Amino acid sequence: MHHHVDFKSYDHYIGEHNEAKPKVMVQKLLDMMHEDGVENAGACIDLGCASGEMLHFIRRDFPQMELAGIDLFDEFIQEAKARHPDIDFRTESALDLPTDMSGKYDVTTAFGLMSLFDETEISTFWDNVLRITKPGGLIYVLSPVNEYGVDMMIRHRKRIQKKLTDWESAWNIHSQETIRELLASKGQEVEFRPFQITMQLEPKEDPLRTWTMKTEKNDLQLTNGMKLLVNHYYMVVRKA
């Protein structure tokens, strides 16, 4: 099994679980799901579900759906099971999903996950996403994407409280063209829908967390301590 996700920055996601109000990117997903007509969908899975926050809101809006979530980190899955005992949570890799999930889901979501995978893994990621989604089902993947045809595989290490951490790979940014061509080779069409943050974010202690800065064309441009200009897109695929 191939699990080389060198992603150590997950601690803060556990503490940030908020079930009062969905984050902007989740609210936009819910709006799109309503618009895209998933009212009668039977089953939905969230890949990289952390402690299950997004599934909590999907259940609130679509109570009829059978929900599932996977995450590579067992800490998340234990936390998620404790919070939502009625959702099917499993510790699995999105690069190697079990065969009993094949063709099972009407809606497949993956937020902030695609950028963990490099050029050797991206095709496998999409193969797994497509395999578990029913024909006619909807896939929503949210990730930073590059609009200029440039693919960036990024390794970084950072200092937290002046302590140097290990090298990791967590901000790979694939280009729209690469994703479009990759999906075309699998017989699929993808639509890119831009995500725009609607409020100002301040820098956090972790320099890899995004914040907003004002640029010439955008008052709320996402950036981070890598000094990237980060533009997220929803990649929406209706599985052929």
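Residues numbered from 1 in each chain as written. Predicted model: local features only at pLDDT ≥ 70, side-chain atom pairs only at ≥ 80, totals over all residues. Heavy atoms only, no water.

Undergrad: Explain the packing of aromatic side chains residue by residue, including any values.
TA: Enumeration over the complete set of coordinates arrives at six aromatic pairs. The interplanar angle of 35° and the centroid separation of 5.2 Å between the aromatic rings of F117 and F125 together place this pair among those described as tilted. No difference in accessibility class separates F117 from F125, as the two residues are buried. Consider the rings of F195 and Y234, whose centres lie 6.0 Å apart with planes at 85°: the pair is edge-to-face. One end of the pair, F195, is in the loop between β9 (191–194) and β10 (211–213); the other, Y234, is in strand β13 (residues 232–238), and 39 residues separate them in sequence. (Phe/Tyr/Trp six-rings, centres within 6.5 Å; stacked < 30°, edge-to-face > 60°. Buried < 20%, exposed > 50% of the residue type's maximum accessible area, 1.4 Å probe, protein only. Helix = DSSP H or I, 4+ residues; strand = E, 2+ residues; numbered from the N terminus.)

Undergrad: Account for the packing of helix α2 (residues 24–35) against helix α3 (residues 53–61), with residues named and values stated.
TA: Relative to each other, α2 and α3 sit at 35°, their axes nearing to 10 Å. For the crossing formed where α2 meets α3, the hand is right-handed. Where α2 approaches α3, its residues V26, Q27, L29, L30, M33 and H34 are matched on the opposing element by M54, F57, I58, R60 and D61. Looking at the contact of α2 with α3, its residues break down into seven nonpolar, two polar and two charged. (Axes fitted to C-alpha atoms, helices over the stretch in contact; angles between N-to-C directions. Left-handed = near helix turned anticlockwise from the far one by under 90°. Contact = heavy atoms within 4.5 Å. Nonpolar A, V, L, I, M, F, W, Y, C, P; charged D, E, K, R; others polar.)

Undergrad: Tell me about α2, residues and numbers included.
TA: Given a rise of 1.5 Å per residue, twelve residues ought to cover 16 Å, and the 16 Å separating the end C-alpha atoms of α2 matches this to within 8%. The complete set of buried residues in α2 reads V26, L29, L30, M32 and M33. Buried positions in α2, seen along its axis, are confined to an arc of 165° and lie on one side of it. G37, located one to two residues past α2, shows a positive phi value of around 75°. (Expected span 1.5 Å × (residues − 1). Arc of directions from axis to C-beta.)

Undergrad: Give me the lowdown on the pairing of strand β3 (residues 88–91), citing residues and values where you can.
TA: Across four bridges, the pairing between strand β2 (residues 66–71) and β3 is parallel. Considered in β3, the bridge of I70 is made with R90. Traced from β2 through helix α4 (residues 74–83) to β3, the parallel crossover comes out right-handed. (Pairing = 2+ DSSP bridges. Right-handed = clockwise from strand over helix to strand, strands pointing away.)

Undergrad: Can you explain a negative patch on the surface? Please cite residues and give values.
TA: A contiguous patch of negative charge on the surface is contributed by E119, D151, E177 and E181. Along the chain, D151 falls in the loop between β5 (133–146) and β6 (159–160). (Patch = residues over 30% accessible without salt bridge, like charges linked within 9 Å, V, L, I, M, F, W, Y side chains within 5 Å. Areas by Shrake-Rupley, 256 points an atom, 1.4 Å probe, with all protein chains shown as cover. Salt bridge = Lys/Arg side-chain N within 4 Å of Asp/Glu carboxyl O. Lys, Arg positive; Asp, Glu negative; His and termini not counted. Charge placed at Lys NZ, Arg CZ, Asp CG, Glu CD.)

Undergrad: How would you sum up the sheet that holds strand β12 (residues 229–230)? Please name residues and give values.
TA: If you walk across this open sheet you meet the three strands as β10-β11-β12, and the pairing is antiparallel. Unpaired on one side and paired on the other, β10 and β12 mark the two borders of the sheet. Pairing analysis gives two bridges linking strand β11 (residues 221–223) to β12, with the strands arranged antiparallel. Paired with T223 across the strands is L229, a residue of β12.

Undergrad: Now, about the environment of T120: what can you tell me, with residues and values included?
TA: Along the chain, T120 turns up in the loop between β4 (105–111) and α5 (122–132). When the C-alpha positions of T120 and A20 are compared, they lie 38 Å apart, and in sequence the two are 100 residues distant. For T120, the side chain forms a polar contact with the side chain of D118, separated by 2.6 Å. (Polar contact = N/O pair within 3.5 Å; in protein donor to acceptor, adjacent residues only side chain to side chain.)

Undergrad: Please provide a residue-by-residue account of the confidence of the model for the protein, values included.
TA: A residue-level look at the protein finds 93% of positions with pLDDT of 70 or above and a mean pLDDT of 92. This stretch, residues 9–15, has a pLDDT under 50; its non-local contacts, to residues over four places away or in other chains, come to 15 contacts. (pLDDT = per-residue confidence, 0-100.)

Undergrad: Provide a residue-level description of the side chain of S115, including the pertinent values.
TA: Examined against the element boundaries, S115 turns out to sit in the loop between β4 and α5. Residues within four places of S115 in sequence aside, it is in contact with S143, P144, A170, W171 and N172.

Undergrad: Just give me the short version of the side chain of Q188, but keep the residues and values in it.
TA: By secondary structure assignment, the location of Q188 is in the loop between α6 (176–185) and β9. Beyond its immediate stretch of four places on either side in the chain, Q188 contacts L130, L183, V237, R238, K239 and A240.

Undergrad: Break down unusual backbone geometry for me, citing the residues and quoting the values.
TA: The residue A50 is not glycine, and still its phi comes out positive at about 50°. With respect to the helices and strands, A50 occurs in the loop between β1 (43–47) and α3. Here A50 falls in the buried class, since its relative accessible area comes to 16%. One non-glycine residue with positive phi stands out, namely Q161, at about 50°. Relative to the assigned elements, Q161 resides in the loop between β6 and β7 (163–164).

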